[in-house]
Structure formats: C-alpha cells, structure tokens
Amino acid sequence: MSNTQNPLVGHFRTPKLYTSLPSQGKFYDETIIDLPSTGELPVFPMTAKDEIMMKNPDALLNGEAVAQVIASCIPNILAPRRLVANDVDALLVAIQGATFGDELDVGAPCPQCTENASAIISTEAVLSNMDTLDDTYEFTTDSGLLISMVPFSYETAVKAGVANFRSERSLQSIANIEDELEKIKAFNTNFIELANLNFDILVDCVNTITMPPSEGESEPVVVKDKEHIQEFLENCDSSIGKELERFITDMGDKGIQKRMQLTCEPCSEKLPEGEEFTFESAVNFNTVNFFTAS
Amino acid sequence: MAYLRKLNEDTEAINKEVTEMVIYAQGSLTLSDVWSMSLPQRQLTAKIINDLFKAKAGKPATEDL
C-alpha cells in the first residue's frame, strides 16, 4: 500500500450515462466544452468527495459546489461557470441519475394544504424529453437595430440566486426596523440591488446589436462591446427592455421539463375513494435553486 | 433550518461511512481511495468487506456442521 495518492485515481470511474445538452453546444467555444462528435457527453457518478461538496451550504450558495461537481463528473466540461443555465440544470439531473440510479425524487408544495407532494421520476425520461434551444434568438427594433441574444450563463444565475437570497434576508430584517424612514431607506436599497441585478442579466443576454448600413456604407455595424451594449440598454426605449425580458423568459423555459403532475396524499384521502388530488407544479431539480429560492 | 440540518447530517453520515470503510479494510484502502469512490463502488466494497468478515468468522452456530 502506498500513502501517496494514485495519479490514476481520476480514471477509476467509468461513464454511467451519456447525455446531450439543451444548447447542443451552440453557444460554446473549445475553451468551455470539449464536445464529442456524437454531441453526447459522458457522465461519471459523483465520488464521496463530490457528495460532500454538494452538502456544503456556502459552496452551494456561491455556485462552487455545482461547478466543481460538474468538472469532476463531466470532464469534457472545461469551464462550468460559463455554461448556459439551461445546460447546468440538465447536467445536474444527469449526474443525479449516474450516481443514485434512474429514479429521482422530486417534490413541490400542494397548493391546497401546502404539504410537500413528492413523486418519483425517471432521469432518463427527463433527459430524453428536454427541449433544445433555438439556433438564434433575435429581433429587430422599430429603428432597425437587430438585437441578437444568448441564454444567460450559470455565473449570472448564481449571482441572481445570491442576490435573491440576500434580498430575502434583508426583507426579513427590514420588518424589524422600527423607524419608518430607515425602513423605507432599507427597502429602497434592496429594490435598487434587485433592479441592478435584472439589468445585469439583460446585458449578459445581449450578444450583439447590428446597425443597418448607413448612407454611403455597404457593411452593417456589429456592436459586441458589453460596455457599449450596457450604455445602449440604459438609454433605450422601455419597449426594447420588455422584448428582451420576453426572450429571456422564453429561453429560460427551454431544457428539461420542470412542470409535472403531482399527487397530494393528504388531500386525496379527503376525496371519495378512487379519486386523487393532482396538481401541476414546477419541481426543483437544482440543489442550488432549492437554497436560493427558499 | 431543517434543510441545513439535513445537509449537516448527510455530511456526517458520508464522513462516517468513508472512515469506517478505511478502518474495516484494514490497510487495503486509503482515505483518498475511498473519497474517490462513487456510491455504487462504496456499496459494493462494503458488501465485499462484510462477506469477507463473515467468511473469516466461519459458519454461524445456527447452521449445521
């Protein structure tokens, strides 16, 4: 027996399953992902070390747990934080399936009694039924600008989660402030922080803005500079912001199907025999969302 | 709070499982070996260690000679 770590340790595991991505690798270059020609990534089960990482509250909140576990279980992913959030959700389901088997427990609160209703789903079925993202998301403004968008990154999703968590905490502390002026001040600070975050998400999602060629020019001007895009969004018409938000919602809905039919046992027991109380709800696959959305 | 408590309990359970496996393996596995094992591998290893101890202990008294 040797006390030094075996350099081949990383090769002990074998892939348990292969999965494609909702993005199909469209928004990545070779510094983010080494996509095999099949378009499917090998997924290894979590090690004991990975499992511990996924139980660390701080690492879950700042996104480090998910980033490290993705890098460990899917070695083809080179920069997990730069993945689009839709892909991260799908990869977490795949890692769960590779580690704990095909059956996955999901749950959501019953709208009637608020008890948690749980169900068992197949990870293979979830992965095979996911929607893929379109090749392009773009629209033309009234003034003729072509705005091209990309889904927001996991890095931005983590920032949003942390801001949401902080906001929940500060709203709880605002309730304890007795002075009304101080309360309004604290509420405004909180509101501004959330508004800034929403704006950051908008900026993150705008990939390019193309201006039609002006008189005497033959080529359109493509703006990629994030600072220029940010300045434009700060000064553009509100209808453009609304259109961008609509696209972001549309892109966010792609990927694994999060809405599922669940049955509430306590509510079903109150119904006549043979009847069940079922409801449709969004279930939470992502451990980090569980934390930040609470 | 209940979720945080559960995370803490799960962490302790994994720590205990890994340490027990290293001790029961009596030198054939290191801590880093076990930390690098997946759940199915750990379950298989635990079963084999258990079977080994049973075999070493001989037949239980309730069985015929």
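Since this is a predicted model, take the numbers as computed values, not measurements.

Q: Looking at this structure, I do not really get the overall build of chain B. What am I missing?
A: Within chain B one finds 3 helices and 0 strands. Secondary structure elements of chain B occur, N-terminal to C-terminal, as α-α-α. Against the compact-globule benchmark of 11 Å for 65 residues, chain B has a radius of gyration of 16 Å, which places it well outside the compact range. Over its C-alpha atoms, taken along the principal directions, chain B stretches across nearly 55 × 25 × 20 Å. By the burial criterion, 31% of the 65 residues in chain B qualify as buried. Of the side chains in chain B, 8 bear a positive and 9 a negative charge, and the two mean positions are spaced by 1 Å.

Q: Can you walk me through the sheet that holds strand 7 (residues 206–211) of chain A in this structure?
A: Two modes of strand pairing occur in sheets, parallel and antiparallel, and in both the strands are linked by backbone hydrogen bonds. Residue and element names in this part refer to chain A. In space, the 4 strands of this open sheet follow the order 5-6-7-8, with antiparallel pairing throughout. In this open sheet, the two edge strands, each paired with only one partner strand, are strand 5 (137–140) and strand 8 (221–223). The sheet shows a mean angle of 20° between the axes of neighbouring strands, direction not considered. Bridge analysis of strand 5 against strand 6 (residues 146–149) gives 4 bridges, and the strand direction is antiparallel. Among the inter-strand pairings, T140 is bridged to a residue of strand 6, identified as L146. Contacts from helix 7 (residues 180–205) reach strand 6 and strand 7, with the element oriented near 65° to strand 7.

Q: Can you help me understand the nonpolar core in this one?
A: The biggest cluster of nonpolar side chains holds 75 residues, and the ones touching the most others in it are A:I70, A:I74, A:M149, A:L233, A:L244 and A:F285. The biggest single contributor to this core is helix 4 (residues 85–100) of chain A, with 8 residues. Excluding its chain neighbours within four sequence positions, the residues that come into contact with A:L233 are A:F199, A:L202, A:V203, A:V206 and A:L244. Of all hydrophobic cores here, the second largest spans 11 residues; its members include A:A48, B:I14, B:M37 and B:I49.

Q: Where do I start with the side chain of A:T156 in this structure?
A: Residues and elements named next belong to chain A. Secondary-structure assignment places T156 in helix 6 (residues 154–174). At 3.1 Å, the side chain of T156 forms a polar contact with the side chain of S153. Side-chain polar atoms of T156 contact the side chain of D204, separated by 2.5 Å. Excluding residues that lie within four positions of it along the chain, T156 makes contacts with I201 and D204.

Q: Explain the packing of helix 7 of chain A against helix 8 (residues 226–235) of chain A here, please?
A: Two packed helices can be described by the angle between their axes and the distance between those axes. Residues and elements named next belong to chain A. For the pair helix 7 and helix 8, the least separation of the axes is 10 Å and the interaxial angle reads 125°. By the criterion of interaxial angle, the relationship of helix 7 to helix 8 is oblique. Considering how the two elements wind past one another, helix 7 and helix 8 form a crossing that is right-handed. Two secondary-structure elements touch here, helix 7 through F199, L202, V203 and D204 and helix 8 through K226, Q230, L233 and E234. The residue makeup of the contact of helix 7 with helix 8, split by class, is 4 nonpolar, 1 polar and 3 charged.

Q: Sorry, what's going on with a nonpolar patch on the surface here?
A: Side chains of A:L171, A:F187, A:F191 and A:I192 sit close together on the surface and give an oily, nonpolar patch of about 410 Å² of accessible area. As for its position among the elements, A:I192 is in helix 7.

Q: Can you help me understand the interface of chain B and chain A in this one?
A: Reports of interface size often rely on the accessible area that becomes lost once the parts have come together. At the junction of the two partners, chain B supplies 20 residues and chain A supplies 23 residues. Taken together, both faces of the contact between chain B and chain A bury some 1700 Å²; the carbon and sulfur share is 68%. Here chain B is connected to chain A by 2 salt bridges. With a shortest N-O distance of 3.1 Å, B:D10 and A:K55 are connected by a salt bridge. Along the contact surface separating chain B from chain A lie 5 residue pairs in polar contact (both at pLDDT 80 or more). Going through the elements one at a time, helix 1 (2–24), helix 2 (31–35) and helix 3 (39–57) of chain B are the ones with two or more residues in the side of chain B that touches chain A. No other element matches the 8 residues that helix 1 of chain B contributes to the side of chain B that touches chain A. Considering only residue class, the side of chain B that touches chain A consists of 10 nonpolar, 8 polar and 2 charged.

Q: Where do I start with the environment of A:F27 in this structure?
A: If you trace the backbone, A:F27 turns up in the loop between strand 1 (17–19) and strand 2 (41–43). Each C-alpha atom, one on A:F27 and one on A:R82, is 9.9 Å from the other, the two residues being 55 residues apart in sequence.

Rules and cut-offs
- Residues numbered from 1 in each chain as written.
- Chains lettered and ligands numbered in written order.
- Predicted model: local features only at pLDDT ≥ 70, side-chain atom pairs only at ≥ 80, totals over all residues.
- Heavy atoms only, no water.
- Helix = DSSP H or I, 4+ residues; strand = E, 2+ residues; numbered from the N terminus.
- Rg over C-alpha atoms; globule rule 2.2 N^0.38 Å.
- Buried < 20%, exposed > 50% of the residue type's maximum accessible area, 1.4 Å probe, protein only.
- Lys, Arg positive; Asp, Glu negative; His and termini not counted.
- Charge placed at Lys NZ, Arg CZ, Asp CG, Glu CD.
- Pairing = 2+ DSSP bridges.
- Axes fitted to C-alpha atoms, helices over the stretch in contact; angles between N-to-C directions.
- Contact = heavy atoms within 4.5 Å.
- Core = buried A, V, L, I, M, F, W, Y, C linked by side-chain atoms within 4.5 Å.
- Polar contact = N/O pair within 3.5 Å; in protein donor to acceptor, adjacent residues only side chain to side chain.
- Parallel < 35°, antiparallel > 145°, perpendicular 65-115°, else oblique.
- Left-handed = near helix turned anticlockwise from the far one by under 90°.
- Nonpolar A, V, L, I, M, F, W, Y, C, P; charged D, E, K, R; others polar.
- Patch = residues over 30% accessible without salt bridge, like charges linked within 9 Å, V, L, I, M, F, W, Y side chains within 5 Å.
- Areas by Shrake-Rupley, 256 points an atom, 1.4 Å probe, with all protein chains shown as cover.
- Salt bridge = Lys/Arg side-chain N within 4 Å of Asp/Glu carboxyl O.
- Buried area = accessible area lost by both parts, 1.4 Å probe.

Fair warning: the whole summary comes from geometry, so function is off the table for now.
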